[in-house]
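# Structural overview for review
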Amino acid sequence: MAILVTGGAGYIGSHTVAALLERGEEVVVLDNLQTGHRGALLGGKLYEGDLRDKELLAKCFAENDIDAVIHFAANSLVGESMQKPVKYYDNNVYGTLCLLEAMDAANVRRIVFSSTAATYGEPERVPIQESDRTQPTNVYGETKLMMERMMSWFDQVLGIKYVALRYFNAAGAHDSGKIGEDHRPESHLVPLVLQTALKQRESIAVFGDDYPTEDGTCIRDYIHVSDLADAHLLAVDYLRKGESSNVFNLGIGTGFSVKEVIETAKTVTGLDIPVVMQPRRAGDPAVLVASSQKAREVLGWNPKREKLEEIIQSAWNWHQSRPNGYGEE
């Protein structure tokens, strides 16, 4: 039996593919390589193409004995989503509809879905729990919430069971150093800070130092990408046991401020990282930290890399060895 990983050549997708291969799973990847990288795949069978290509989707299911899907494929830039909503509804929502339609036709009844903390919007409380209000403040978060709701109805009507994993700030790189984070353009704090250390950027911008936090900068929950990958495997196992559809937060439960991330990166790299202060960005909550108690209790998830230094060290190993990421492919 095989697992289909959509968006498997992306950052979190490729680490999940690696984890699946490490435990002997047969892996099929569908990726249009719009933001993913062929070089990020350490194995598996690749179908290069788009979720919205119904013929290609049908071919994937016809040619492979697939018993579960892990669904990463989506556009995921918050700022871009507020400029190009059509792109996000078309790729994220319609793409997921095409996938669920193909799963139903192939009688595949298990899907693990890469959701996001952006489904919550401004948090009611910290740490955030799965039962808290979902009221996204951007188009990206709204499309992910729509995808969750779509799966809920497909479960009720067609019996397709799902696990939605709402996670916070992924960071770090694989222990082997073979795969890591390479977005074009880059928008995540840790790689931006490390690119500044490598002098690929003149400085790192900090957006706001007047938040109601200890040092005035935003606090986020950083989670190692390999710990995220492990959670996806546990979610597949959970569905294979015949359990009910469910939603889980994934986070360490501890927040680190932007300044703390930069100072830790300075310690890890031993290099200067110039900082430029900028005004606050609209829609940036002061604190986003997850309660992952439910995932720990129900899925048996146990993150192995909870220290910020470990997470940044693994990312630094990757950026040092691959300063140009995957390069031109």
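Anything mentioned here points back to the structure above.
A short tour of the structure in this document, coming up. Position numbers for residues start from 1 in each chain and track the written sequence from start to end. In view of the model being predicted, local features appear only for residues whose pLDDT reaches at least 70, and side-chain atom pairs are presented and counted only at 80 or more, with totals across whole chains, interfaces and linings using the full set of residues. Note: side-chain values were computed over all heavy atoms of the structure, leaving out hydrogens and water.

Counting from the N terminus, the helices are the DSSP runs of H or I reaching at least four residues and the strands are the DSSP runs of E reaching at least two. Its place among the elements puts Ser14 in helix 1 (residues 11–22). Note on exposure labels: buried denotes an accessible area under 20% of the residue type's maximum, exposed denotes more than 50%, and partly exposed covers the range between, all computed with a 1.4 Å probe on protein chains only. Residue Ser14 is classed as buried on the basis of its relative accessible area, which comes to 1%. Note on contacts: a residue pair is in contact if any heavy atoms of the two residues lie within 4.5 Å. Once residues lying within four places of it in the same chain are set aside, the contact partners of Ser14 are Gly8, Ala9, Ala40 and Ile179.

Moving on to the nonpolar core. Among the buried residues, those of types Ala, Val, Leu, Ile, Met, Phe, Trp, Tyr and Cys that are joined through side-chain atoms within 4.5 Å form a nonpolar core. Among the nonpolar cores identified, the biggest contains 36 residues, and Val5, Ile12, Ile70, Leu165 and Leu250 are the most heavily contacted of them. When contributions to this core are tallied by element, the ones reaching two or more residues are strand 1 (2–6), helix 1, strand 2 (26–31), strand 4 (66–71), strand 6 (161–167), helix 7 (225–240), strand 11 (246–250) and helix 9 (293–299). Counting residues per element, this core draws most heavily on helix 7, at 9 residues. In this structure Val5 touches Gly13, Val17, Leu20, Val27, Val28, Val29, Leu30, Ile70 and Phe72, once residues within four positions along its chain are discounted. Residues Leu51, Val69, Leu99 and Ile111 belong to the second largest nonpolar core, which totals 30 residues.

What follows deals with helix 6 (residues 189–197). By the criterion of burial, helix 6 is predominantly enclosed, with 9 of the 9 residues buried. Restricting attention to buried positions, one finds in helix 6 the residues Leu189, Val190, Pro191, Leu192, Val193, Leu194, Gln195, Thr196 and Ala197. Looking at the packing, one finds that the buried side of helix 6 touches strand 7 (169–171), strand 8 (204–207), strand 10 (222–224), helix 8 (258–269) and helix 10 (308–321). Positioned one or two residues after helix 6, Lys199 has a phi angle of 65°, which is positive.

What goes into a patch is any residue over 30% in relative accessible area without a salt bridge, connected to like charges within 9 Å or, for nonpolar side chains (Val, Leu, Ile, Met, Phe, Trp, Tyr), within 5 Å. With residues, only the protein chains shown are counted as cover, and all accessible areas are computed by Shrake-Rupley using a 1.4 Å probe. Between Lys or Arg on one side and Asp or Glu on the other, a salt bridge is scored when a side-chain nitrogen of the former is within 4 Å of a carboxyl oxygen of the latter. On the surface, Trp153, Val157 and Leu158 cluster together into a nonpolar patch covering about 330 Å² of accessible area. Tracing the sequence through the fold places Val157 in helix 5 (residues 139–158). Residue classification places Val157 among the exposed residues on the basis of a relative accessible area of 62%.

What follows deals with the packing of helix 6 against helix 8. Fitted lines through C-alpha atoms give the axes, limited to the stretch in contact for helices. The angle between two N-to-C directions lies from 0 to 180 degrees. The N-to-C vectors of helix 6 and helix 8 enclose an angle of 45°; their axes lie 10 Å apart at closest approach. As the angle between them shows, helix 6 and helix 8 are arranged oblique. The way helix 6 lies across helix 8 gives a crossing that is right-handed. In this structure, helix 6 contributes Leu189, Val190, Val193, Leu194 and Ala197 to the contact, and helix 8 contributes Val258, Val261, Ile262, Ala265 and Thr269. Residues that form the contact of helix 6 with helix 8 fall into these classes: 9 nonpolar, 1 polar and no charged. If an angle is under 35 degrees, it is roughly parallel; if it is over 145, roughly antiparallel; if it lies from 65 to 115, roughly perpendicular; otherwise it is oblique. Crossing chirality is assigned from the near helix's rotation relative to the far helix, an anticlockwise turn below a right angle marking it left-handed and a clockwise turn marking it right-handed. When residues are sorted by character, Ala, Val, Leu, Ile, Met, Phe, Trp, Tyr, Cys and Pro go into the nonpolar class, Asp, Glu, Lys and Arg into the charged class, and all the rest, Gly among them, into the polar class.

The next subject is the pairing of strand 11. Taking burial as the measure, the 5 residues of strand 11 include 5 buried ones, the bulk of the element. Because side chains alternate across strand 11, one face comprises the buried residues Asn246, Phe248 and Leu250, and the other comprises Val247 and Asn249, equally buried.

Okay, the packing of helix 6 against helix 10 next. In the contact formed by helix 6 and helix 10, the axes pass within 10 Å of each other and the chain directions differ by 55°. Considered as vectors, helix 6 and helix 10 are oriented oblique to each other. The handedness of the crossing between helix 6 and helix 10 comes out as right-handed. Facing Val190, Pro191, Leu194, Gln195 and Ala197 of helix 6, the residues of helix 10 in contact are Ile312, Ala315, Trp316 and His319. Looking at side-chain class alone, the contact of helix 6 with helix 10 contains 7 nonpolar, 2 polar and no charged residues.

All we've got here are geometric facts, nothing functional implied.
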